[in-house]
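Working through the structure, step by step
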Amino acid sequence: MINAINNVNFKAVYTPKSTSFSDSQQKVYDDIKNKLNNKKTNFLVESVENDSVKLSELIGVKETGTGLDKKYSYKRAIKIGRYNENCLFEMKDYKKYVKEQVNDLLGLLAFVGILILGLGFMYVTANKKPAVNQQVEKVTTMAKDSLQTLKQDSIKIFK
């Protein structure tokens with residue numbers, strides 16, 4: 001379970017329930033919280049080794065319980081980055097993460113589109129009826145025969 005730190009405008013920065021930050025981690029955490037203040041997304045900040053914190057975006061946050069028994073859970077957390085006092089969080093990191101997510105989605109849509117086009121092409125070629133060449137040949141042959149008969153009849157008229 002996780003604890004909500006702030007919950008304004010349907011956004012929040014969460015930390016794991018039993019998290020305790022060191023002084024340097026607390027500074028990094030405060031910096032992250034201030035920079036993400038205007039985002040309408042849920043984030044998770046976790047304490048990790050070497051006085052660092054890990055920032056992730058939360059997908060599918062749900063609130064259960066009421067009052068003091070209020071608990072929060074989420075479906076998955078997508079890692080944005082790992083930060084410490086020497087390497088602070090920058091908004092360009094979040095923008096890069098969003099851009100990667102959009103590119104992944106566009107790539108998936110392009111793949112599905114190509115797959116649908118390929119399957120459609122295979123369906124059309126598999127169900128294509130063969131051309132009727134025999135009828136064309138018969139018509140041509142019948143026309144030739146009629147002309148030859150006509151020539152011989154024309155010759156007989158002049159005799």
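Please refer to the structure placed before this passage.
The sections below set out a description of the structure shown in this document. Values in this document were obtained by computation on a predicted structure and should not be read as measured data. (Residues numbered from 1 in each chain as written. Predicted model: local features only at pLDDT ≥ 70, side-chain atom pairs only at ≥ 80, totals over all residues. Heavy atoms only, no water.)

**A look at the packing of aromatic side chains**
Note the threshold: Classification of ring pairs uses Phe, Tyr and Trp, with its six-membered ring standing for Trp, and accepts pairs whose centres are within 6.5 Å; under 30 degrees between planes counts as stacked, over 60 as edge-to-face, and the remaining range as tilted. Exposure is judged per residue with a 1.4 Å probe applied to protein chains only, and the accessible area is read against the type maximum: over 50% gives exposed, under 20% gives buried, and values in between give partly exposed. Each helix corresponds to a stretch of at least 4 residues labelled H or I by DSSP, and each strand to a stretch of at least 2 residues labelled E; elements are numbered beginning at the N terminus.
Evaluation of the coordinates by the stated rule reveals four aromatic pairs. Ring geometry for Tyr83 versus Phe89: centroids 5.4 Å apart, planes at 85°, classification edge-to-face. Judged by its relative accessible area of 3%, Tyr83 falls in the buried class. With a centroid separation of 6.0 Å and 35° between ring planes, the pair formed by Tyr94 and Tyr97 is classed as tilted. Highlighted residues: Tyr94 and Tyr97, both in helix 2 (residues 91–126), separated by three residues, approximately one helical turn. Under the relative-accessibility criterion, Tyr97 is labelled buried at 6%.

**Some details on the environment of Asp51**
Let me state the cut-off plainly: Residues adjacent in sequence count toward polar contacts only when both atoms are side-chain atoms; beyond that, a polar contact is any pair of N or O atoms within 3.5 Å, and within protein one must be able to donate a hydrogen and the other to accept it.
Mapped onto the fold, Asp51 is located in the loop between strand 3 (42–48) and strand 4 (52–59). Among the residues examined, Asp51 registers a relative accessible area of 41% and is labelled partly exposed. A polar contact is formed between the side chain of Asp51 and the side chain of Ser22, at a distance of 2.8 Å. A polar contact of 3.0 Å, which involves the side chain of Asp51, links it to the side chain of Ser24.

**A word on the pattern of salt bridges**
Definition in use: Only one rule defines a salt bridge in this text: a Lys or Arg side-chain nitrogen within 4 Å of an Asp or Glu carboxyl oxygen.
In the structure shown here, the tally under the stated rule is five salt bridges. Here Asp31 and Lys35 are joined by a salt bridge, their closest N and O atoms 3.2 Å apart. Of this pair, Asp31 and Lys35 both sit in helix 1 (residues 23–35), four residues apart, which is roughly one turn of the helix. A residue is classified by how much of its surface remains accessible, and Lys35, at 28% relative accessible area, is partly exposed. Between Lys54 and Glu46 there is a salt bridge, and its shortest N-O distance comes to 3.4 Å. Taking relative accessible area as the criterion, Lys54 reaches 26% and is therefore assigned partly exposed.

**Some words on the nonpolar core**
Operational definition: In this text, buried Ala, Val, Leu, Ile, Met, Phe, Trp, Tyr and Cys residues form a nonpolar core when linked through side-chain atoms within 4.5 Å. Whether two residues are in contact is decided by their heavy atoms: any pair within 4.5 Å suffices.
Membership of the largest hydrophobic core comes to 15 residues, with the highest contact counts inside it found for Ile32, Val45, Leu55, Ile80, Tyr83 and Phe89. At the level of elements, helix 1, strand 3, strand 4, strand 7 (76–83) and helix 2 are the ones that each hand at least two residues to this core. Those residues within four positions of Tyr83 in sequence are excluded, and the remaining contacts are Val28, Ile32, Ser52, Val53, Leu55, Leu88, Phe89 and Asp93. The next biggest cluster of nonpolar side chains, apart from the first, holds five residues, and it includes Ala12, Tyr14, Leu58 and Tyr72.

**Some remarks on the pairing of strand 4**
Our working definition: Pairing between two strands is assigned when DSSP locates at least 2 bridges connecting them.
Among the eight residues in strand 4, six count as buried, and that is most of the element. As defined by bridge partners, strand 3 adjoins strand 4 across six bridges and the pair is classed as antiparallel. Among the inter-strand pairings, Val45 is bridged to a residue of strand 4, identified as Leu55. Hairpin connection from strand 3 to strand 4: three residues lie between these consecutive antiparallel strands, with Asn50 at a positive phi of about 60°. Pairing of strand 4 with strand 7 involves seven bridges; the strand directions are antiparallel. The residue of strand 7 that forms the bridge with Val53 is Tyr83.

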